[in-house]
Amino acid sequence: MTTEELLEKLELIQKLKCETSTLEIKSAEKGCPKHLYDSLSSLSNHDEGGIIIFGVDESQNYKEVGVYDPQDIQKKINEQCLQMEPVVRPLITVVEKNGKFFVSAEIPSADITDRPVFYKGKGRVKGSFTRVGDSDEPMTEYEVYSYEAYRKKYQDDVRVVDRASFASLNQGLLSEYLRLLKIGKPRLAAIEDNEIYELMSIKRDNEITLSAVMNFSLYPQVFFPQLCITAIVVPGRDIGAVGSQGERFLDNLRIEGNIQEMLEGALQFISKNMRTKTIINPNTGKREDRTDYPITAIRETVLNALVHRDYSIYTEGMPIQIIMFEDRIEIRNPGGIYGRMRVDQLGKVQPDTRNPVIASELEVLKITENRYSGIPTIRRTMMEYDLPQPEFCDERGSFIVKLYKYGEKASVDDADEIENNDLIVFCRTPRTRKEICEYLGLSSVTYAIQTYIMPLVEQGLIKMSMPDKPKSPKQLFYSDN
């Protein structure tokens with residue numbers, strides 16, 4: 001950054017009195033911090049990278065104390081960067097202000113194939129950190145593994161299941177799969193069935209694979225008890241709410257079976273716990289029965305979770321969760337977004353597929369199209385129901401889809417209040433335009449800011465870090481509530 005930009009950052013720090021997901025503050029008044037490794041790792045592993053500013057003391061209400069020696073601190077910063085794997089190459093800027101020197105180190109975002117960036121002195125697992133809000137948190141073993149799995153293209157859906165045998169598979173369903181697979185493929189049809197099983201990863205070296213267990217086993221939970229769905233109905237808008245008689249759940253079910261059976265069981269559970277109301281279709285004038293949520297959106301959401309969840313050994317103890325709240329449904333899926341995909345790209349860019357064999361088998365069985373149309377379908381059907389667009393959240397080791405039942409024509413005040421309150425809480429940590437857009441699950445940054453943020457700014461509920469420069473690309477939005 002330029003010296004002018006560094007001076008602007010110093011002014012911003014005095015205004016916000018806080019760190020952000022991309023800004024770390026260090027005092028360095030009496031010497032260079034000895035352990036920058038956590039921040040170097042977490043910011044390198046952050047999609048946006050980040051900046052470390054030296055010379056501001058957070059413990060003294062962000063007082064500008066300056067650095068002890070601008071030349072020596074640059075040397076010490078670079079020494080620590082050389083201890084990272086891969087080596088971090090910071091861009092360092094020095095500026096003088098009121099007779100004191102301040103130093104910034106811009107930490108570039110590492111390519112996903114180079115992550116996780118870690119401190120060599122602690123090793124890959126203990127030396128890898130991730131940015132959570134304004135803090136550096138140790139990566140879990142699974143988070144470290146997920147980068148390696150993408151980089152090395154591990155296929156956990158075709159790992160061998162030691163205890164499974166060919167006899168444990170549903171022979172009728174397997175025969176139907178082979179029949180459908182051979183249609184229009186005369187050369188494949190000429191191959192012996194047992195060889196096809198190997199070619200299509202039903203077997204690997206005559207051992208049964210996980211994809212075969214999940215799609216064709218008579219009871220997959222014999223081998224993987226937690227590769228199931230847990231579904232609950234909560235009497236309120238938050239976990240922990242209780243009903244009139246003290247009940248925590250209005251309904252509670254463990255859904256098991258193969259992927260097709262779990263999909264059907266989940267749809268039955270949700271349908272049973274949704275209200276159905278009669279409306280007059282404004283286009284046709286006819287009476288129609290309409291559920292709280294479009295069943296097509298529900299099906300696509302649950303199916304996406306079953307197909308794209310992580311099936312590695314690190315998550316085989318984690319079920320998919322369906323939680324029905326008073327105002328929304330949440331489907332929680334073990335395993336975050338796979339590969340280079342970002343939340344704002346969902347449904348617009350063809351993604352890498354975490355479980356290609358599972359997806360292909362379900363396509364042959366005509367359960368899924370496998371054409372990356374799921375998320376566009378969810379968005380379209382929610383819009384047809386006059387409901388808010390789905391909210392997608394990529395959290396640590398988990399992907400969450402939220403579908404809200406309050407639309408623009410029904411309970412709009414409730415919906416707006418929920419959305420506004422969530423945004424205000426989200427902005428307790430200063431956020432960029434892009435972060436807000438991704439949080440809302442929208443594709444247009446301009447639309448997100450104009451529609452959702454600026455009305456709250458006008459009400460004084462959200463503030464701008466640079467109110468005199470409303471269009472600045474460095475603008476941050478924050479709340480005091």
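Structure: see above.
The sections below set out a description of the structure shown in this document.

As a further point, take the overall build of the chain. Scanning the chain from terminus to terminus reveals 16 helices and 22 strands. Referenced to the eigenvectors of the C-alpha coordinate spread, the extents of the chain come out at roughly 80 × 60 × 45 Å. When contacts within the chain are restricted to residue pairs at least 6 apart in sequence, long-range pairs at least 24 apart make up 64% of them. As displayed, the chain has an accessible area near 23300 Å², and 48% of this comes from carbon and sulfur atoms. Mean positive and mean negative side-chain charge positions of the chain (62 and 74 charges, respectively) differ by 1 Å.

Pairs can form between side chains of opposite charge once their charged atoms are near each other. Considering all chains together, one arrives at 30 salt bridges under this definition. Across the pair Arg-131 and Asp-136 runs a salt bridge whose closest N-O atoms are separated by 2.6 Å. A salt bridge links Arg-179 to Glu-176; the nearest nitrogen and oxygen atoms lie 2.8 Å apart. Of this pair, Arg-179 and Glu-176 both sit in helix α6 (residues 171-182), separated by three residues, roughly a single helical turn. Residue Arg-179 is classed as partly exposed on the basis of its relative accessible area of 46%.

Counting residues in each nonpolar core, the largest one holds 67 residues, and the members touching the most others are Phe-216, Ile-229, Ile-270, Val-302 and Ile-322. Those residues within four positions of Ile-229 in sequence are excluded, and the remaining contacts are Leu-253, Arg-254, Ile-255, Met-262, Ala-266, Val-302, Leu-306, Ile-320 and Ile-322. Listed in part, the 20 residues of the second largest apolar core include Ala-28, Phe-54, Ile-73 and Ala-110.

Viewed as axis vectors pointing N to C, helix α15 (residues 433-440) and helix α16 (residues 445-458) meet at an angle of 80°, and their least axial separation amounts to 9 Å. Judged by the inter-axis angle, α15 sits roughly perpendicular to α16. Residue-level inspection shows Arg-433, Ile-436, Cys-437 and Leu-440 of α15 in contact with α16, the latter providing Val-445, Ala-448, Ile-449, Tyr-452 and Ile-453. Classifying every residue of the contact of α15 with α16 by side-chain character gives eight nonpolar, no polar and one charged.

Okay, the environment of Glu-48 next. Counting through the fold element by element, Glu-48 comes out in the loop between α2 (37-44) and β2 (50-54). Relative accessible area serves as the criterion here: at 44%, Glu-48 is assigned to the partly exposed category. Separated by 61 residues in the primary sequence, Glu-48 and Ser-109 have C-alpha atoms spaced 5.8 Å apart. With near-sequence residues (within four places) excluded, Glu-48 lies in contact with Thr-22, Ser-109 and Lys-434. Side-chain polar atoms of Glu-48 contact the side chain of Lys-434, separated by 2.8 Å.

Turning our attention to the pairing of strand β1 (residues 23-26). Burial along β1 is two-sided: the residues Leu-23 and Ile-25 and Glu-24 and Lys-26 are all buried. Of the pairings in the sheet, the one linking β1 to β2 comprises four bridges and is parallel in character. Counted as the bridge partner of Glu-24 is Ile-52 from β2.

About the criteria used
- Residues numbered from 1 in each chain as written.
- Predicted model: local features only at pLDDT ≥ 70, side-chain atom pairs only at ≥ 80, totals over all residues.
- Heavy atoms only, no water.
- Helix = DSSP H or I, 4+ residues; strand = E, 2+ residues; numbered from the N terminus.
- Contact = heavy atoms within 4.5 Å.
- Areas by Shrake-Rupley, 256 points an atom, 1.4 Å probe, with all protein chains shown as cover.
- Lys, Arg positive; Asp, Glu negative; His and termini not counted.
- Charge placed at Lys NZ, Arg CZ, Asp CG, Glu CD.
- Salt bridge = Lys/Arg side-chain N within 4 Å of Asp/Glu carboxyl O.
- Buried < 20%, exposed > 50% of the residue type's maximum accessible area, 1.4 Å probe, protein only.
- Core = buried A, V, L, I, M, F, W, Y, C linked by side-chain atoms within 4.5 Å.
- Axes fitted to C-alpha atoms, helices over the stretch in contact; angles between N-to-C directions.
- Parallel < 35°, antiparallel > 145°, perpendicular 65-115°, else oblique.
- Nonpolar A, V, L, I, M, F, W, Y, C, P; charged D, E, K, R; others polar.
- Polar contact = N/O pair within 3.5 Å; in protein donor to acceptor, adjacent residues only side chain to side chain.
- Pairing = 2+ DSSP bridges.

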